[in-house]
Amino acid sequence: LFDFLPKEMKRKKNSSSTERHYKAMIVSYGPLAPKRYMYSEVMKITSSRNEQLGKGGYGVVFKGKLYDGRLVAVKFLHDCKGNGDEFVNEVMSIGRTSHVNVVSLFGFCFEGSKRALIYEYMPNGSLDKYIYSQHPKEILGWERLYAIEIGIARGLEYLQHRCNTR
């Protein structure tokens, strides 16, 4: 459709289209929409990526603190391509998901190829460090492991059957 436009103009067109899409979704989600942060704000929140919490296939997670004092886990995504429509759709879907057994998304950063997700901070860390340890039942005990399994099952059941966001 826009083959006659120079690359820079195509990029601006896609960028402004994504921006309009984002703003329309924010309006439709109202107060449930996660907050958008600028990259410079995310760097301040994480004290310039001072305290790393973990690393995965999609990015690196750092501990941070919001302006109101709440602790957060900020996942900086790497290898982000595309115009961002898919990212914004996913952010809005995750942002509307609310359940005691599902971590909450507080905000996000979407600035060109720089993308980050800002989640509630879980002080006990990631569950995988307990489950994949040599002796999880000795660390947590059978009762605690059972309670964790029930919580995971409730969270999955909510996401599959009761969550209004698909």
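Preceding block: the structure.
Residues numbered from 1 in each chain as written. Predicted model: local features only at pLDDT ≥ 70, side-chain atom pairs only at ≥ 80, totals over all residues. Heavy atoms only, no water.

### Overview of the packing of aromatic side chains
Overall, the coordinates contain two aromatic pairs when judged by the stated rule. An angle of 80° between the planes, with centres 6.3 Å apart, marks the rings of tyrosine 39 and phenylalanine 76 as edge-to-face. Residue tyrosine 39 is found in helix α2 (residues 39-45), and its partner phenylalanine 76 is found in strand β4 (residues 71-77); the two are separated by 37 residues along the sequence. Here the two residues tyrosine 39 and phenylalanine 76 agree in accessibility, since each one is buried. Plain terms: the ring middles of phenylalanine 62 and phenylalanine 76 are 5.7 Å apart, the flat faces sit at 75° to each other, and that makes the pair edge-to-face. Placement of the pair is phenylalanine 62 in strand β3 (residues 59-65) and phenylalanine 76 in strand β4, with a sequence separation of 14 residues. The same class applies to phenylalanine 62 as to phenylalanine 76, namely buried. Put simply, the rings of Tyr39, Phe62 and Phe76 touch in pairs and so form one group of aromatic residues. Its end group placed over the ring of tyrosine 37, lysine 35 keeps NZ or CZ at 4.6 Å from the ring centre. A cation over an aromatic ring shows up here: lysine 114 above the ring of tyrosine 39, its NZ or CZ 4.7 Å from the ring centre. (Phe/Tyr/Trp six-rings, centres within 6.5 Å; stacked < 30°, edge-to-face > 60°. Helix = DSSP H or I, 4+ residues; strand = E, 2+ residues; numbered from the N terminus. Buried < 20%, exposed > 50% of the residue type's maximum accessible area, 1.4 Å probe, protein only. Lys NZ or Arg CZ within 6 Å of the ring centre and 35° of its normal.)

### Topic: the environment of lysine 137
Looking at the element boundaries, lysine 137 is found in helix α5 (residues 136-140). When its relative accessible area of 37% is taken as the criterion, lysine 137 is described as partly exposed. Once residues lying within four places of it in the same chain are set aside, the contact partners of lysine 137 are Trp142 and Leu145. (Contact = heavy atoms within 4.5 Å.)

### Observations concerning the environment of tyrosine 119
When you line up the elements, tyrosine 119 lands in strand β6 (residues 114-120). The spacing of tyrosine 119 and glycine 64 is 55 residues in sequence and 9.8 Å in space, taken between C-alpha atoms. If sequence neighbours within four positions are ignored, tyrosine 119 has contacts with Val72, Ala73, Ile94, Val103, Ser104, Leu105 and Phe106.

Purely spatial values, then, with no claim about function.
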